[in-house]
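Structure at a glance
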Amino acid sequence: MKIIRTSRAMTSWSERLRRDGVIIGFVPTMGALHDGHRALIRAARLRCDALVVSIFVNPTQFGPREDLTRYPRPIAKDRALCREEGVDVCFEPTAEVMYPEGFQTVVTVPEIARRWEGEARPHHFPGVATVVTKLFGMVRPHLALFGQKDYQQAALVRQLVKDLNLGVAIEVRPTVREADGLAMSSRNVYLNAEERMIAPWLSRALQAGKQAIEEGLKDGKAIERSMLKAIEQAPAIHVEYLALCDPDSLEPLTRVVHRAVILGAILIGSIRLIDNLLVTVPGKMRRARG
Ligand code: PAF
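The structure reproduced in this document is the subject of the present report.

Cut-offs applied
- Residues numbered from 1 in each chain as written.
- Predicted model: local features only at pLDDT ≥ 70, side-chain atom pairs only at ≥ 80, totals over all residues.
- Heavy atoms only, no water.
- Helix = DSSP H or I, 4+ residues; strand = E, 2+ residues; numbered from the N terminus.
- Core = buried A, V, L, I, M, F, W, Y, C linked by side-chain atoms within 4.5 Å.
- Buried < 20%, exposed > 50% of the residue type's maximum accessible area, 1.4 Å probe, protein only.
- Contact = heavy atoms within 4.5 Å.
- Near = heavy atom within 4 Å.
- Polar contact = N/O pair within 3.5 Å; in protein donor to acceptor, adjacent residues only side chain to side chain.
- Areas by Shrake-Rupley, 256 points an atom, 1.4 Å probe, with all protein chains shown as cover.
- Nonpolar A, V, L, I, M, F, W, Y, C, P; charged D, E, K, R; others polar.
- Pairing = 2+ DSSP bridges.
- Axes fitted to C-alpha atoms, helices over the stretch in contact; angles between N-to-C directions.
- Left-handed = near helix turned anticlockwise from the far one by under 90°.
- Phe/Tyr/Trp six-rings, centres within 6.5 Å; stacked < 30°, edge-to-face > 60°.
- Lys NZ or Arg CZ within 6 Å of the ring centre and 35° of its normal.
- Parallel < 35°, antiparallel > 145°, perpendicular 65-115°, else oblique.

A positive phi is found at arginine 140, a non-glycine position, where the angle reads about 50°. Tracing the backbone shows arginine 140 in the loop between helix H6 (124-139) and strand E5 (143-147). The phi dihedral of leucine 250 falls on the positive side, at around 65°, and the residue is not glycine. Here leucine 250 is to be found in the loop between strand E7 (237-245) and strand E8 (259-268).

Formed by 46 residues in total, the largest nonpolar core has its most connected members in Met10, Val52, Phe91, Phe136 and Leu156. At 9 residues, H6 tops the list of elements feeding residues into this core. Not counting residues up to four positions away in its chain, the partners in contact with phenylalanine 91 are Ile4, Arg5, Thr6, Ser7, Met10, Val52, Val53, Ser54, Ile55, Leu135, Met138 and Val139.

Moving on, we come to the site of the ligand. What surrounds the ligand is the set Pro28, Thr29, Met30, Asn58, Gln61, Val131, Phe146 and Gln153. Take glutamine 61: an N or O atom from its side chain is 2.6 Å from an oxygen atom of the ligand. Between the ligand and glutamine 153 there is a distance of 2.7 Å, counted from an oxygen atom to a side-chain nitrogen or oxygen. Protein chains shield 89% of the accessible area of the ligand, which is 290 Å² for the free molecule. Class assignment of the residues belonging to the shell around the ligand gives a composition of 4 nonpolar, 4 polar and no charged.

One open sheet accounts for 3 strands, arranged E7-E8-E9; its pairing is antiparallel. Here the strands that pair on one side only, and so sit at the sheet edges, are E7 and strand E9 (271-280). In this sheet, adjacent strand axes meet at a mean angle of 15° when their direction is disregarded. Judged from the 8 bridges that link them, E7 and E8 form a sheet pairing that is antiparallel.

Looking now at the packing of helix H9 (residues 201-214) against helix H10 (residues 220-232). Remark: H9 packs on H10, axes separated minimally by 8 Å, with the N-to-C direction vectors making an angle of 145°. Both H9 and H10 take part in a crossing whose hand is right-handed. Each of Trp201, Leu202, Ala205, Leu206, Ala208, Gly209, Ala212 and Ile213 in H9 lies in contact with H10, whose residues at this interface are Ile223, Ser226, Met227, Ala230 and Ile231. The residue makeup of the contact of H9 with H10, split by class, is 11 nonpolar, 2 polar and no charged.

As enumerated under the stated definition, the model contains 6 aromatic pairs in all. With centroids separated by 5.7 Å and ring planes inclined at 80°, the aromatic side chains of phenylalanine 62 and tyrosine 71 adopt a geometry described as edge-to-face. The exposure class assigned to phenylalanine 62 is buried, which follows from its relative accessible area of 6%. For tyrosine 71, a relative accessible area of 7% gives the class buried. Centroid distance phenylalanine 136 to phenylalanine 146: 6.5 Å. Interplanar angle 70°. Geometry classified as edge-to-face. Taken together, the residues phenylalanine 136 in helix H6 and phenylalanine 146 in strand E5 connect sequence positions 10 residues apart. The exposure classification of phenylalanine 136 matches that of phenylalanine 146, with both residues buried. Ring pairs connect the aromatic residues Phe26, Phe136 and Phe146, which therefore count as one cluster. Above the plane of the ring of tyrosine 190 lies arginine 70, whose end atom (NZ or CZ) is 4.1 Å from the centre. Note that arginine 204 overlies the ring of tryptophan 201, its terminal NZ or CZ placed 4.8 Å from the centroid.

This brings us to the packing of helix H1 (residues 7-19) against H6. One way to put it is that H1 packs onto H6 with a least axis distance of 7 Å and a crossing angle of 55°. Between H1 and H6, the angle is such that the two are oblique. On H6, the residues touching Ser7, Met10, Thr11 and Ser14 of H1 are Gly137, Met138 and Val139. Of the residues assigned to the contact of H1 with H6, the class counts are 3 nonpolar, 4 polar and no charged.

Once that is clear, we can look at the side chain of serine 203. Checked against the element boundaries, serine 203 lands in helix H9. At 3.3 Å, the side chain of serine 203 and the backbone oxygen of glycine 181 are in polar contact. One polar contact links the side chain of serine 203 to the main-chain carbonyl oxygen of proline 200, over a distance of 3.1 Å. Not counting chain neighbours up to four residues away, the residues in contact with serine 203 comprise Arg177, Asp180, Gly181, Leu182 and Asp275.

So, in C-alpha cells, the structure goes:
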C-alpha cells in the first residue's frame with residue numbers, strides 16, 4: 001500500500017490510472033477506522049479496480065468548542081486495516097496541504113445543511129462540503145462511498161456533486177451497528193462503560209418510531225411522541241432532536257405518506273451521538289412493486 005501526502009502526488013497517481021482506464025474508488029475518512037469504514041472499503045473494493053482511502057482530521061468541520069484536539073488518531077492501526085482490506089493508496093494530507101496559506105474558498109449547501117446537524121453545529125457542513133470538494137479534486141475518483149450513519153452529510157455530498165458537476169458517483173452504504181444496535185462511530189471511543197450502556201437507547205427510540213409507522217401511525221408529531229416516550233426510560237440522556245423527515249429534502253414531515261427518514265441526535269454528558277433510520281410505509285411498498 002502506498003502512502004501519499006501531497007496533493008500533486010495524489011492527483012498524478014490518479015491521472016495515470018485514469019488514462020489507462022482504471023476505475024478508482026474512494027472512501028474519505030477522518031481515521032479511527034472501525035467496522036463501518038471496513039464495510040465501505042469492502043464495498044468499494046468490489047466495485048473498483050483501484051482504491052484510495054483518505055485519512056484527514058479536517059479542522060474546518062469542528063466548531064471552536066468541539067473535539068478537534070482530542071479526536072482519536074490511531075494512524076498505525078488505521079493503516080493496518082487499510083492494508084488488510086487491500087487499499088492501494090492511503091492519502092494522508094496534512095492541514096498545510098489541505099489549507100495552504102491564503103486559502104479562502106468555502107463551499108456551502110444552504111438548504112440541505114439548514115436544519116438538524118447544520119443548526120446544532122453551524123461550522124460543520126461548510127467544512128465538510130469544502131474538504132470533500134477538495135478531496136475529490138485531488139483524488140479524482142470515479143466512485144466515492146459514504147455511510148448512511150451520517151445521513152445529512154451523505155445528502156449534502158450528493159447535492160454538491162450534482163450542483164458542481166463533480167462527475168463522481170456517490171454510493172451510500174447502510175449503517176453498521178454493534179450487537180446492541182449502537183451505530184458504529186469513531187466517537188464511540190469517548191463513551192465510558194456507563195455511557196456505553198446507555199448509548200443504544202438512541203437506536204431503540206428510532207426503532208420505536210419505525211415500528212409506529214409500520215403499525216400504521218402516520219401523523220409526524222404522534223410518531224415523534226412515540227420515540228420520545230421510548231427514550232424517556234433511559235437515564236442521563238438529553239434529546240436534541242428525534243425528527244421525522246422527507247428522505248430527500250430533510251424537511252420535517254407532518255404526515256408519512258410513502259418514505260421517511262427518522263433523524264436523531266442525543267447528548268450523553270458532553271458526548272453527542274447521531275443516528276437515523278429509513279422507513280418505507282409497508283402498504284405503499286407493496287403497491288409500488290405490484
Ligand atoms: O464522515 C467523515 O469522516 C468526514 O466528515 C469526511 C467525509 C471524511 C470529511 O472530512
